[in-house]
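Chains, contacts and geometry: an overview
Here is how the chains run, residue by residue.
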Amino acid sequence: MPPHTELFDRLQDAAAIVALIGSTEDLHLDCKIWPSKEDEMQRMLAKALCGFANADGGAIIIGMQARRGPDKDDPDLIEKAVPVSDAVAVKSRI
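In this text the structure is predicted, and so the values were computed from the model without any measurement.

Examining helix 3 (residues 38–53)
Each turn of an α-helix holds 3.6 residues, which means side chains three or four residues apart point in the same direction. Here helix 3 is 16 residues long and its end C-alpha atoms lie 22 Å apart, about the 22 Å a rise of 1.5 Å per residue gives. Those residues of helix 3 that are buried lie in contact with strand 1 (29–32) and strand 2 (59–62).

Given below as C-alpha cells:
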C-alpha cells in the first residue's frame, strides 16, 4: 500500500488529525489553513495538488497550520488546528 494511502487511512478521525500537532509535514502530508478569498483558495489548492501530482501523491489536511522552521531547508512544523467554520462549504468549494 502506498505511503499516502496509509496516511489517509490513519487520519479518519479528529483525534488522529489533532495528534499531528508537533510533527512535520513531509512528501505525503501538507497542512493548510482555508483562506477567505476565492482566488487564494484556488491558488493554494492548485499549488498543493501540483506538488503531489509531480511526486508520489499525498494528503492535504485543511484546517491545520504549519510554519516553516528557522532554516529554509527545515520541514514545516504543524503548529495548531485552525478549524474551518463551515466544513460543508469547504467540501463544496474543493
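So, next bit.
Regarding the pattern of salt bridges
Under the definition given, this model contains 4 salt bridges. For the salt bridge of Asp30 with Lys32, the shortest nitrogen-to-oxygen distance reads 3.5 Å. The exposure class assigned to Asp30 is buried, which follows from its relative accessible area of 15%. Across the pair Glu38 and Arg93 runs a salt bridge whose closest N-O atoms are separated by 2.1 Å. Of the two residues, Glu38 is situated in helix 3 and Arg93 in helix 4 (residues 87–93); the sequence distance between them amounts to 55 residues. Look at Glu38 and you get partly exposed, because its relative accessible area is 35%.

Quick look at the side chain of Glu25
In this fold, Glu25 is placed in the loop between helix 2 (14–18) and strand 1. Among buried charged residues, Glu25 stands out as having no salt bridge; its nearest opposite-charge side chain is Lys32, 5.7 Å away. One polar contact links the side chain of Glu25 to the main-chain amide nitrogen of Cys31, over a distance of 2.6 Å.

Digging into the nonpolar core
Judged by nonpolar contacts, Leu7, Leu11, Leu20, Leu29, Cys31, Ala59, Ile61, Met64 and Ile78 together constitute the single largest core of 9 residues. What Leu11 contacts, discounting residues up to four positions off in sequence, is Ala16, Ile17, Leu20, Leu29 and Ile61. Formed by 5 residues, the second largest nonpolar core is a distinct cluster that contains Met41, Met44, Leu45 and Val90.

What counts as what
- Residues numbered from 1 in each chain as written.
- Predicted model: local features only at pLDDT ≥ 70, side-chain atom pairs only at ≥ 80, totals over all residues.
- Heavy atoms only, no water.
- Helix = DSSP H or I, 4+ residues; strand = E, 2+ residues; numbered from the N terminus.
- Expected span 1.5 Å × (residues − 1).
- Contact = heavy atoms within 4.5 Å.
- Salt bridge = Lys/Arg side-chain N within 4 Å of Asp/Glu carboxyl O.
- Buried < 20%, exposed > 50% of the residue type's maximum accessible area, 1.4 Å probe, protein only.
- Lys, Arg positive; Asp, Glu negative; His and termini not counted.
- Polar contact = N/O pair within 3.5 Å; in protein donor to acceptor, adjacent residues only side chain to side chain.
- Core = buried A, V, L, I, M, F, W, Y, C linked by side-chain atoms within 4.5 Å.

Take it as geometry only, folks, not as evidence of what the structure does.
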